[in-house]
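The residues making up each chain are set out below.
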Amino acid sequence: MSTAMQRDTSHLEQICQQVRRWIVRCTSEAGSGHPTSSLSAVELMVDLVFGGAFRFNLDQPDHPANDRLIFSKGHASPLFYALWAAAGKIDPNDLLSYREFGSRLEGHPTARFSLTEAATGSLGQGLSIGLGMAMAARYLDKSPSRTFVLLGDSEMAEGAQWEAIQIGSHYKLDNLVGILDVNRLGQRGATMHGHDLDAYRKRIEAFGWRCVLIDDGHDNDQILRAFDELNADHGNSDRPTMFIARTIKGQGISSLEDEGGHHGKPVDEDDVDQILAGFGTANEQIRGTIAPPNLYQPDPPASRQAERIDYKIDDNVATRDAYGNALSRLAAKFPRMVALDGEVCNSTRTKRFRDEFPARFFEMFVAEQNMVGVATGMALRGKTPFVSTFAAFLTRAFDQIRMCPYSDAAVKFVGSHCGVSIGQDGPSQMGLEDIAMFRTIQNGVVLYPCDAVSTEALVDAMAEHEGIAYLRTTRGKTPVIYGNDESFCIGGSKVLRHSDDDQVTLIGAGITLHECLTAEATLADRGVCARVIDLYSIKPLDHATIRRAADETNVIFTVEDHFPEGGLGEAILTSLSDHSTPVNCLAVRKRPISGSPEDLLEFEGISASSIVDSVERWCSRTRL
């Protein structure tokens, strides 16, 4: 007979009943929330956190050996907060502020509550984030920490879950543990497999996970035996573990148990007192004990000075090549830097980093949603992840990208193969929405360098930056126009052509900056003086330089290899919304097709000759 079978579970049962009271009280006080979804997982989570499997130092939440707990089903936040109340980290009275304006106890957990490992609630993301934390612990920190992820059965329909499941097996993460709460009911009715635990087991085992079935997810003794099995096997397996538990939605409230139509609804106000009485005598002072983390002494690598940038003016170097060079050059300066790639490292140029620093490179294969989730998990464990793929493919992971700031995850994104200038591959490979997408990220940074020197300098700036950032690279080679000692800062720009007689301002970035420079030379030969600005930082914008150009010239032309909606031109229009100087936005307005880069730039009206024609037409109309 195992130790768990002999264990007295009475204290855990009392905690479960008090946790149920807190769940009902806080959602009833808020008038909203998900009590039934929380009630189904009470025993699973109480037994995990206070039954000995979970290890955590409450006085040192950032202890590197602490286990991590992620609620992927973030709508079960009443249970999440009640657990920490039972641990003594939330005053039970504070639970009554749940969902109130200004409360740290939000409807779905975010970083505003300090013990939240990651912002969740957009379903299907928690397992990927936990995967990233587990990978960081095993491969980078060599920490004994384990990551536990509570999953709902509804979210198992999300493709990102299966991306995470297959990668977890591929990387042999025995420190990753999923707990699947199979309560049968989703928001509008039954889930895909209902209470068929074997359906989940067959699918998950097929990906190489070890599955443990818990036939009664409300039986403390059975749950503890399962968790004891996990502890006994830890270190002896290269497989992640998934506990698959049959539970009842609304467990503990007989009128709601296993009944549809109650998702996201608090109990009726008139029934609260009767329901609370059904949980037995209240004990607001009851507390559980969490086992301490295993002994562990981290050995963080030291930072060393990076080598200097070394290019020659007029060298032709693709900015994607410079990005790959920068990662390798800066690896010593940023020892916490890691690179993740979606099976295109030979195109994004992270291959060099992979070859030189294999322990810090993680192949994520063609699974971009999971790649972003993994990067989020790594960032939350103190790493500096650079996520690279074609810019067009990042669009499918936008849900994961938009959630990064709510976790305070400083992930760095790099999108290659941007715009029609990639040429013959055609529109499926052309990133034409990426600037708009990343500009919507609150406090995010969007960078678009035009040459190798500026690319390397901006990768350095990204790594230093504490928030989320995106850098856009170009497939084709472009001439180096900056000296190796030129400085570049987030929020800056460069005025490359300037005179007191400037009539027109041309603003470009990346590939179109070179088109603007060529156009400026042609216009000068035709008697039109043009100022040229390299707007390498699209967000934040160098408003002062833009306004000065608007004050000192008669018209502004923005030129971008991107759709007009949400791009560089709209950023300028917003900056100058109160200014009288007209802004003309040259952008990709025709449906892209295959062709040479030169033909496509001309076709879309963003080539040097197109810029010249647009400026001359404007001058003719206004008699400048």
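Every value quoted in this text rests on a predicted model; they were computed, and no experiment measured them.

Conventions adopted
- Residues numbered from 1 in each chain as written.
- Predicted model: local features only at pLDDT ≥ 70, side-chain atom pairs only at ≥ 80, totals over all residues.
- Heavy atoms only, no water.
- Buried < 20%, exposed > 50% of the residue type's maximum accessible area, 1.4 Å probe, protein only.
- Helix = DSSP H or I, 4+ residues; strand = E, 2+ residues; numbered from the N terminus.
- Pairing = 2+ DSSP bridges.
- Right-handed = clockwise from strand over helix to strand, strands pointing away.
- Core = buried A, V, L, I, M, F, W, Y, C linked by side-chain atoms within 4.5 Å.
- Contact = heavy atoms within 4.5 Å.
- Axes fitted to C-alpha atoms, helices over the stretch in contact; angles between N-to-C directions.
- Parallel < 35°, antiparallel > 145°, perpendicular 65-115°, else oblique.
- Left-handed = near helix turned anticlockwise from the far one by under 90°.
- Nonpolar A, V, L, I, M, F, W, Y, C, P; charged D, E, K, R; others polar.

Before going further, it helps to spend a moment on the pairing of strand β15 (residues 504-508). Burial runs high along β15: 5 of the 5 residues are buried. Of the two faces of β15, the one lined by V504, L506 and G508 and the one lined by T505 and I507 are each fully buried. Sheet topology note: the β15/strand β16 (residues 530-534) ladder contains 5 bridges and is parallel. Pairing of L506 across the sheet is with V532, part of β16. Once the chain exits β15 it traverses helix α19 (residues 511-525) before rejoining the sheet at β16, and the crossover so formed is right-handed. In the sheet, β15 pairs with strand β18 (residues 555-559) via 4 bridges, with the strands oriented parallel. Pairing of L506 across the sheet is with F557, part of β18.

Here we take up the nonpolar core. Among the nonpolar cores identified, the biggest contains 74 residues, and I204, F413 and I572 are the most heavily contacted of them. Leave out the neighbours within four places in its chain, and I204 touches M156, W162, I165, L180, W209, C211, M242 and I244. Counting residues in each nonpolar core, the second largest holds 62 residues, with F353, V414, L458 and L586 among its members.

So, about the side chain of S103. Structurally, S103 is set in the loop between α5 (77-86) and α6 (126-141). If we ignore the near neighbours within four places in the chain, the residues touching S103 are S97, Y98 and R112.

One open sheet accounts for 5 strands, arranged β14-β16-β15-β18-β19; its pairing is mixed. The sheet terminates laterally at β14 (494-497) and β19 (583-586), the two strands that pair on one side only. On average, each strand axis in the sheet is inclined to that of its neighbour by 25 degrees, with strand direction left out of account. Packed onto the sheet, helix α23 (residues 608-622) meets β15, β18 and β19 and runs at close to 160 degrees relative to β18.

Right, let's talk about the packing of α6 against helix α14 (residues 368-380) for a bit. Running from N to C, α6 and α14 cross one another at 50 degrees; their axes reach a closest spacing of 6 Å. When the axes of α6 and α14 are compared, the pair comes out oblique. Helix-helix and strand crossings are classified by hand; for α6 and α14 the assignment is right-handed. Here S128, I129, L131, G132, M133, M135 and A136 of α6 lie close against α14, whose contacting residues are N370, G373, V374, T376, G377, M378 and L380. Taken together, the residues that form the contact of α6 with α14 break down as 8 nonpolar, 6 polar and no charged.

We now examine the sheet that holds strand β9 (residues 384-390). With respect to topology, 7 strands assemble into an open sheet ordered β8-β7-β9-β10-β12-β11-β17, the strand pairing being mixed. Edge positions in the sheet fall to β8 (361-363) and β17 (537-539), since each has one partner strand and no second. Recorded for the sheet is a direction-independent mean angle of 20 degrees between the axes of neighbouring strands. Bridge analysis of strand β11 (residues 445-447) against β17 gives 2 bridges, and the strand direction is antiparallel. For L447, the partnering residue across the bridge sits in β17 and is S537.

Next up on the list: the environment of Y323. Along the chain, Y323 turns up in helix α11 (residues 319-330). Looking at Y323, the relative accessible area reads 0%, which means it is buried. Linking Y323 and R472, residues 149 residues apart in sequence, is a C-alpha distance of 9.8 Å. In this view, Y323 contacts T348, T350, F386, S388, V414, T455, V459 and T473; residues no more than four positions away in its chain are not counted.

Function cannot be read off these values alone, since they describe shape.
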